[in-house]
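Letter by letter, the chains look like this.
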Amino acid sequence: MKSLRLVLTLVIAVALCGCSAGEQAALDDYLERLGRALQVEPPESDGEALQAVLVDLPGRRQLSVNEPQLSINLLDFLSLSSCELGRVLGANNSSLGKLAAPSQRLHLQRDLMLSAPECIDVLGEDDPELAEKLRRLLQQKYDARMTYWWNAWFSSEEWQAFSSRSEGLIPISDASSQEAATLLAATQALAYVVQQGQSWQAGDWEYDSAVMESHQQQMLATAAIGRWRLTNRALMDVSIKGERLLEQRLGERPLCPAGRRTPQAEILQNVFHKYYAGVLQPYLSKSDRFGAELIGYLSVISSLAPTGVVDVWQVDVTNVLEEERAAMLNAHRRHVTKWQDILAQCAMMPGSQ
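Residues numbered from 1 in each chain as written. Predicted model: local features only at pLDDT ≥ 70, side-chain atom pairs only at ≥ 80, totals over all residues. Heavy atoms only, no water.

A.B. asks: Go over the overall build of the chain with me, naming the residues and quoting the values.
C.D. replies: Counting secondary structure elements, the chain contains 15 helices and zero strands. Per-residue burial for the chain yields a buried fraction of 49% across its 353 residues. Long-range contacts, defined as pairs at least 24 residues apart, comprise 85% of the intrachain contacts of the chain with a sequence gap of at least 6. Summed over its atoms, the accessible surface of the chain is roughly 16,800 Å², and 51% of this surface lies on carbon and sulfur atoms. (Helix = DSSP H or I, 4+ residues; strand = E, 2+ residues; numbered from the N terminus. Buried < 20%, exposed > 50% of the residue type's maximum accessible area, 1.4 Å probe, protein only. Contact = heavy atoms within 4.5 Å. Areas by Shrake-Rupley, 256 points an atom, 1.4 Å probe, with all protein chains shown as cover.)

Next up, the structure:
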């Protein structure tokens, strides 16, 4: 299993290599070409400062929720030796069980939930007092089920990596299957988180440990939330700078003084078709679709969050990402409006004669 997880991590990591520099260069190239076509100086790129302007999302410590400390005494435990529950409780209460990673603790809670009912039935006639004690223990575990599930995902190093901004921008194109797999792996992982959380909320404990761990490795390897945030901020940055370039030219001399095309206007139109419509717009649309999908899953996760952390999740995760996405879209709309204004001067708007 460890070898499978390592291979998956390496495969996705390969897809991440070298992505950021190429994407930022393409955005900078658009601004440079736009500035030359408008005959105005382009603003300097501030790509290295992108991380500084993004607030940190809550880390795993902030999202961790205290789990109830429940135990059964030694004599009672020995009475369970004929039950599968005895083995589960032994593993749960061992030193290794108490130090287990959150996901491993979830596996132990699942095993307890699945094995306890049968053991209670076996003990019902021989030791009704112990059977009742187990029923109370099972009820307490049931009441805390979403805390165990939550910690398994969001107090983990996988969540920390998933929201990390260390991997750069998402790919500008899906030229290789590995690039496409990066985004797909991220959304598959979140879809699994939601599906499993809804199952636990409904009292359905069944899941495959290996499948869950493979999705956690996808979260660990893709750094998808952090990469989308950086990409969204880079697209907002280029939209703001592009708007300023266009606005600067609009405030100076007209591109087409007589209302007819000029050679310089045709160069600008080529920039619009080849670099705005051909590169920037598809990249922005791709990134925004991915961001909308991420935010959609994270919003559903809000409905599964335990009471102790639901407000933190909604305010400091979901709301932050929604605000960042809205800011980028607003900047892009202003950018498009300036394009429309300058192309209209020369009757070069798409569809015009």
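A.B. asks: Just give me the short version of the nonpolar core, but keep the residues and values in it.
C.D. replies: Counting residues in each nonpolar core, the largest one holds 94 residues, and the members touching the most others are Tyr-30, Trp-149, Trp-150, Phe-154 and Trp-339. Sorting elements by how many residues they give to this core places helix H14 (residues 263-302) first, with 14 residues. In contact with Tyr-30, not counting residues within four places along its chain, are Val-238, Val-271, Tyr-275, Tyr-276, Leu-280, His-335 and Trp-339. (Core = buried A, V, L, I, M, F, W, Y, C linked by side-chain atoms within 4.5 Å.)

A.B. asks: Break down the packing of aromatic side chains for me, citing the residues and quoting the values.
C.D. replies: Enumeration over the complete set of coordinates arrives at 15 aromatic pairs. What links up through ring pairs into an aromatic cluster is the set Trp-149, Trp-150, Phe-154, Trp-159, Phe-162 and Trp-313. The ring centre of Tyr-207 lies 4.5 Å from the NZ or CZ of Arg-110, which sits over that ring. Here Arg-145 stacks its cationic end above the ring of Tyr-142, 4.0 Å away from the centre of that ring. (Phe/Tyr/Trp six-rings, centres within 6.5 Å; stacked < 30°, edge-to-face > 60°. Lys NZ or Arg CZ within 6 Å of the ring centre and 35° of its normal.)

A.B. asks: Mind laying out the side chain of Arg-165, listing which residues take part and the relevant values?
C.D. replies: Structurally, Arg-165 can be placed in the loop between helix H10 (157-162) and helix H11 (177-201). Of note is the side chain of Arg-165, whose polar atom sits 3.3 Å from the side chain of Asp-56. (Polar contact = N/O pair within 3.5 Å; in protein donor to acceptor, adjacent residues only side chain to side chain.)

A.B. asks: I'd love a proper account of the packing of helix H13 (residues 224-251) against helix H15 (residues 310-345), names of residues and values included.
C.D. replies: Relative orientation of the contacting elements H13 and H15 amounts to 30 degrees, with a least axis distance of 8 Å. Judged by the inter-axis angle, H13 sits roughly parallel to H15. The crossing of H13 and H15 is left-handed. Partitioned by chemical class, the residues of the contact of H13 with H15 number 15 nonpolar, six polar and nine charged. (Axes fitted to C-alpha atoms, helices over the stretch in contact; angles between N-to-C directions. Parallel < 35°, antiparallel > 145°, perpendicular 65-115°, else oblique. Left-handed = near helix turned anticlockwise from the far one by under 90°. Nonpolar A, V, L, I, M, F, W, Y, C, P; charged D, E, K, R; others polar.)

A.B. asks: An account of the pattern of salt bridges is needed here, citing residue identities and associated values.
C.D. replies: This model, assessed by the stated rule, comprises 13 salt bridges. In this structure, the salt-bridge partner of Asp-29 is Arg-33, at a minimum N-O distance of 2.9 Å. Linking Asp-29 with Arg-33, this pair stays in helix H2 (residues 19-38), spanning four residues, or about one helical turn. On the accessibility criterion, Asp-29 (26% relative accessible area) is partly exposed. Across the pair Arg-233 and Asp-237 runs a salt bridge, and its minimum N-O distance is 4.0 Å. Within this pair, Arg-233 and its partner Asp-237 are both found in helix H13, separated by four residues, close to a single helical turn. Here the two residues Arg-233 and Asp-237 agree in accessibility, since each one is buried. The network of salt bridges with shared partners includes Glu-132, Arg-135 and Arg-136. (Salt bridge = Lys/Arg side-chain N within 4 Å of Asp/Glu carboxyl O.)

A.B. asks: Quick rundown of unusual backbone geometry? Include the residues and the values.
C.D. replies: The backbone of Ala-223 shows a phi angle near 50 degrees, a positive value even though the residue is not glycine. Relative to the helices and strands, Ala-223 resides in the loop between helix H12 (209-222) and H13. The backbone phi angle of Ala-347 is positive, close to 55 degrees, even though this residue is not glycine. Of note, Ala-347 is situated in the segment after H15. On the accessibility criterion, Ala-347 (33% relative accessible area) is partly exposed.

A.B. asks: I'd like to hear about the packing of helix H7 (residues 102-126) against H12, residue by residue, with values.
C.D. replies: Interhelical geometry of H7 versus H12 gives an angle of 160 degrees and a closest axis separation of 11 Å. Comparing the axis directions of H7 and H12 gives the class roughly antiparallel. Seen along the crossing, H7 lies across H12 with a hand that is right-handed. On H12, the residues touching Ser-103, Gln-104, Leu-106, His-107 and Arg-110 of H7 are Ser-209, Met-212, Glu-213 and Gln-216. Across the contact of H7 with H12, the residue classes break down as two nonpolar, five polar and two charged.

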